[in-house]
Amino acid sequence: MKGSYILMESLRAEGVETIFGYPGGNIIPVFDALYDYQDKFNYVLMRHEQGVTHAAQGYARTSGKPGICLVTSGPGATNTITGIGDAMMDSTPMIVITGQVGTSFLGTDAFQEIDMVGITQPITKWAHQIRHADEIAEAVSRAFYIATTGRPGPVVLDFTKNAQLESCDFNYTKTTYSRGYIPFPEMKRSQIEEASALINKAKAPFALVGQGVILGNAEKELTDFLEKADIPAASTLLGLSAMPTDFRLNKGFIGMHGNIAPNMKTNECDVLIAIGMRFDDRVTGDLATYAKQAKVIHLDIDPSEIDKNVKTTVQVVGNAKETLPALTKMIEKNNHTDWIKSFDVYDKKEYDEVIKQELNPTDDRITMGEVVRKVSDATNKNAILVTDVGQNQMAAARYFQYTKTRSIVTSGGLGTMGFGIPAAIGAKYGAPKRTVCLFAGDGGFQMTIQELGTIMANNIGVKLILLNNNYLGMVRQWQELFFNERYSSTPMDNPDFNKIADAYRIKNKHVTKQSELDSAIQDMLKDDDAYLLVVDVEEYGLIYPMTPAGTTVTNILTPNKNE
């Protein structure tokens with residue numbers, strides 16, 4: 001069997017259903033083989049290789065399966081770098097297969113040769129070059145094992161052209177072990193005992209929930225744990241939807257633009273329990289002042305994350321699916337009514353100073369939060385939220401609500417503008433029966449606007465909500481608050497987005513008045529066709545609360561405090 005066909009059969013052996021790609025010279029043999037597998041794979045031709053990777057990320061986040069990318073060498077391969085880095089930062093399983101010049105041309109600076117392995121080694125779990133056909137099956141098997149086990153992440157397979165054309169016998173064996181790689185560290189009973197002892201003594205325990213709970217499929221294990229010990233919890237950006245919004249112990253969203261109560265309570269609790277999260281700087285602010293009063297318990301599958309940023313009292317290494325039940329079994333049933341009720345004063349402050357005017361503006365201006373909440377309510381809180389990056393992302397994270405897990409797809413660690421449209425495409429392929437709603441700003445939307453062509457060509461029923469304020473909004477917000485309103489390179493002279501949607505044969509509407517919003521949202525959601533809703537939101541809107549970068553988590557700005 002030819003190497004290109006061995007790749008196809010190897011992907012089938014791993015249960016691959018969907019592939020995102022873009023062809024080119026040094027991957028043509030693989031695409032030629034793909035021609036014979038049109039009934040075996042759902043292949044999606046994107047409009048740019050960066051879009052290929054973000055679509056694969058969206059697919060992985062909503063389906064729980066690895067996203068598959070297929071691109072050519074040279075610029076095709078280097079165009080995937082942003083998506084690979086994004087996937088690495090956000091622990092997204094992804095296999096990126098790149099074409100490469102033939103083995104005899106390696107090192108000669110041949111046309112479209114690039115050292116893809118050397119470039120991507122720092123931002124992948126594994127990067128490997130396949131030089132001969134008899135290496136393909138084993139490399140693919142190992143790639144899937146590494147990408148999907150332990151803490152997930154991206155893998156690159158650099159596929160030389162001669163390997164695609166050579167023939168050899170095909171035999172596929174799934175990898176279950178790789179020397180030096182320990183994806184599932186052994187859970188230690190002593191760690192569980194230490195952690196449970198701290199939790200049992202706690203008067204004011206508080207849990208921080210990260211994406212590790214979702215990646216470990218441990219959502220029920222999480223709520224069982226919280227319920228037994230009556231522990232309030234809040235989520236990181238990527239941990240949102242691990243708990244339903246209305247879960248009684250869910251206290252919201254932590255971080256720079258998170259809710260006031262959980263941020264303040266981080267520095268008031270006596271035991272802080274971090275579950276599958278990495279203490280990102282957007283969550284901790286100034287580490288010198290972060291949770292100094294608390295004993296810290298850190299549950300994570302990746303030992304390198306423990307003590308990296310925040311010094312822990314007790315570490316619990318392992319998959320949350322295993323460690324949480326073990327902990328639940330050992331902790332005592334408890335009641336922390338007064339502690340939980342103490343969150344209310346901060347919740348009221350945030351409602352009075354921020355939420356009330358954001359969700360119910362008294363004049364005809366349209367706020368981002370108002371649009372987000374109205375869309376969320378119109379979908380009965382059952383939709384998947386996809387965001388681009390910027391003010392749109394933070395407004396969406398704050399005001400979208402969830403009933404199901406795997407309901408948020410956003411670029412967390414890397415903060416990639418342009419992530420939104422292709423990620424929404426991938427999210428819809430990963431969860432075709434669910435409504436997918438993208439919120440994007442006018443800046444990020446234009447970075448991957450060509451992917452409207454993918455939506456058109458494949459009739460992908462995503463709902464695109466463009467929150468247009470004619471600015472690079474988040475940078476403008478920082479310029480207003482911290483750079484004396486010097487708006488350097490942030491005003492945007494935008495095109496007519498609705499005419500662009502018309503050109504791509506996508507249904508659309510433009511909302512300029514608050515009175516038009518409700519009916520426009522209903523029109524958007526009445527069927528499963530693709531739809532672009534352009535909403536002109538207030539140009540100088542600010543996303544509050546906000547904790548300035550590098551300050552303590554309790555140094556929270558609100559409109560009242562900022563004035």
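For the structure itself, consult the block above.
Because the structure is a prediction, the values reported are computed rather than measured.

The rules behind each value
- Residues numbered from 1 in each chain as written.
- Predicted model: local features only at pLDDT ≥ 70, side-chain atom pairs only at ≥ 80, totals over all residues.
- Heavy atoms only, no water.
- Helix = DSSP H or I, 4+ residues; strand = E, 2+ residues; numbered from the N terminus.
- Polar contact = N/O pair within 3.5 Å; in protein donor to acceptor, adjacent residues only side chain to side chain.
- Contact = heavy atoms within 4.5 Å.
- Pairing = 2+ DSSP bridges.
- Axes fitted to C-alpha atoms, helices over the stretch in contact; angles between N-to-C directions.
- Phe/Tyr/Trp six-rings, centres within 6.5 Å; stacked < 30°, edge-to-face > 60°.
- Lys NZ or Arg CZ within 6 Å of the ring centre and 35° of its normal.
- 1 Å grid on protein atoms, 1.4 Å probe; cavity = no way out; pocket = protein on both sides within 12 Å on 5 of 7 lines; lining within 4 Å.
- Points joined across faces, edges and corners; volume = space filled by probe spheres on them.
- Nonpolar A, V, L, I, M, F, W, Y, C, P; charged D, E, K, R; others polar.
- Core = buried A, V, L, I, M, F, W, Y, C linked by side-chain atoms within 4.5 Å.
- Buried < 20%, exposed > 50% of the residue type's maximum accessible area, 1.4 Å probe, protein only.
- Arc of directions from axis to C-beta.
- Salt bridge = Lys/Arg side-chain N within 4 Å of Asp/Glu carboxyl O.
- Lys, Arg positive; Asp, Glu negative; His and termini not counted.
- Parallel < 35°, antiparallel > 145°, perpendicular 65-115°, else oblique.
- Left-handed = near helix turned anticlockwise from the far one by under 90°.

## Points about the side chain of Arg61
As for its position among the elements, Arg61 is in helix H3 (residues 49-63). Within the structure, Arg61 has its side chain in polar contact with the side chain of Asp90 (distance 3.1 Å). For Arg61, the side chain forms a polar contact with the main-chain oxygen of Thr410, separated by 3.0 Å. Aside from chain neighbours lying at most four places away, what touches Arg61 is Asp90, Thr92, Gln211, Leu238, Arg406, Ile408, Val409 and Thr410.

## Focus: the sheet that holds strand S15 (residues 436-441)
Strands sit in the order S14-S13-S15-S16-S18-S17 across an open sheet of six strands; the sheet is parallel. The strands lining the two open edges of the sheet, one partner per strand, are strand S14 (408-409) and strand S17 (507-511). With respect to the sheet, helix H24 (residues 517-525) is in contact with strand S16 (463-468), S17 and strand S18 (531-536), its orientation differing from that of S18 by roughly 165°.

## Some thoughts on the packing of aromatic side chains
Two descriptors summarise a pair of aromatic rings, namely the distance from one centre to the other and the angle between the planes of the rings. Per the stated rule, a full pass over the model turns up 17 aromatic pairs. Ring centres of Trp339 and Phe343 lie 5.4 Å apart, and the angle between their planes is 75°; on these two criteria the pair is classed as edge-to-face. One aromatic cluster is present, formed by Tyr5, Tyr37 and Phe41 through successive ring pairs. One residue, Arg142, lies across the ring of Trp126, its end atom 4.5 Å from the ring centre. Above the plane of the ring of Phe343 lies Lys265, whose end atom (NZ or CZ) is 5.6 Å from the centre.

## Some points on empty space enclosed by the protein
Inspection of the entire model under this criterion finds three cavities of 30 Å³ or more. As for the largest cavity, its lining consists of Arg61, Gln211, Ile214, Leu238, Leu240, Ser241, Arg406, Ser407 and Ile408. Taken together, the residues of the lining of the largest cavity break down into four nonpolar, three polar and two charged. For the second largest cavity, the calculated volume is near 60 Å³. Together, Glu358, Met368, Gln391, Asn469, Val537, Glu538, Gly541, Leu542 and Ile543 line the second largest cavity. Grouping the constituent residues of the lining of the second largest cavity by class yields four nonpolar, three polar and two charged.

## What to know about the nonpolar core
Judged by nonpolar contacts, the single largest core of 56 residues is most densely connected at Phe225, Leu226, Leu272, Ile273 and Ile297. Of the residues forming this core, the biggest block, five residues, is contributed by strand S10 (residues 271-275). Among the nonpolar cores identified, the runner-up in size contains 46 residues, and Val71, Ala87, Ala424 and Ala427 belong to it.

## Focus on helix H14 (residues 320-330)
Turning to H14, its buried residues number three or more, namely Ala320, Thr323, Leu324, Leu327 and Thr328. The buried residues of H14 occupy an angular sector of 135° when projected down its axis, which confines them to one face. Buried residues belonging to H14 abut helix H9 (189-201), helix H10 (211-215), helix H11 (219-229), S10, strand S11 (295-300) and strand S12 (314-317).

## Quick look at the layout of surface pockets
Approximately 510 Å³ is the volume found for the second largest pocket. Thr245, Gly252, Asn259, Arg398 and Gln401 are, among the 24 residues lining the second largest pocket, the residues nearest its centre. In terms of residue count, the dominant contributor to the lining of the second largest pocket is helix H16 (residues 344-359) (five residues).

## Observations concerning the pattern of salt bridges
Side chains that differ in sign of charge can pair as their charged atoms come close. In the structure shown here, the tally under the stated rule is 29 salt bridges. Here Lys40 ties to Asp39 by a salt bridge, and the two come within 3.3 Å at their closest N and O atoms. Classification of Lys40 by relative accessible area gives partly exposed; the value is 37%. By relative accessible area, Asp39 is classed as exposed at 62%. Measuring nitrogen to oxygen at the nearest pair gives 2.9 Å for the salt bridge that ties Glu305 to Lys308. Relative accessible area serves as the criterion here: at 46%, Lys308 is assigned to the partly exposed category.

## Examining the side chain of Arg406
Within the fold, Arg406 resides in the loop between helix H18 (391-399) and S14. Among buried charged residues, Arg406 stands out as having no salt bridge; its nearest opposite-charge side chain is Glu219, 5.5 Å away.

## Let's talk about the packing of H3 against helix H19 (residues 420-430)
With their axes 6 Å apart at the nearest point, H3 and H19 run at an angle of 40° to one another. In terms of orientation, H3 lies oblique with respect to H19. Crossing handedness for the pair H3 and H19: right-handed. Contact residues: H3 offers Gly51, His54, Ala55, Gly58, Tyr59, Thr62 and Ser63, while H19 offers Pro422, Ala423, Gly426, Ala427, Tyr429 and Gly430. Tallied by class, residues from the contact of H3 with H19 come to six nonpolar, seven polar and no charged.

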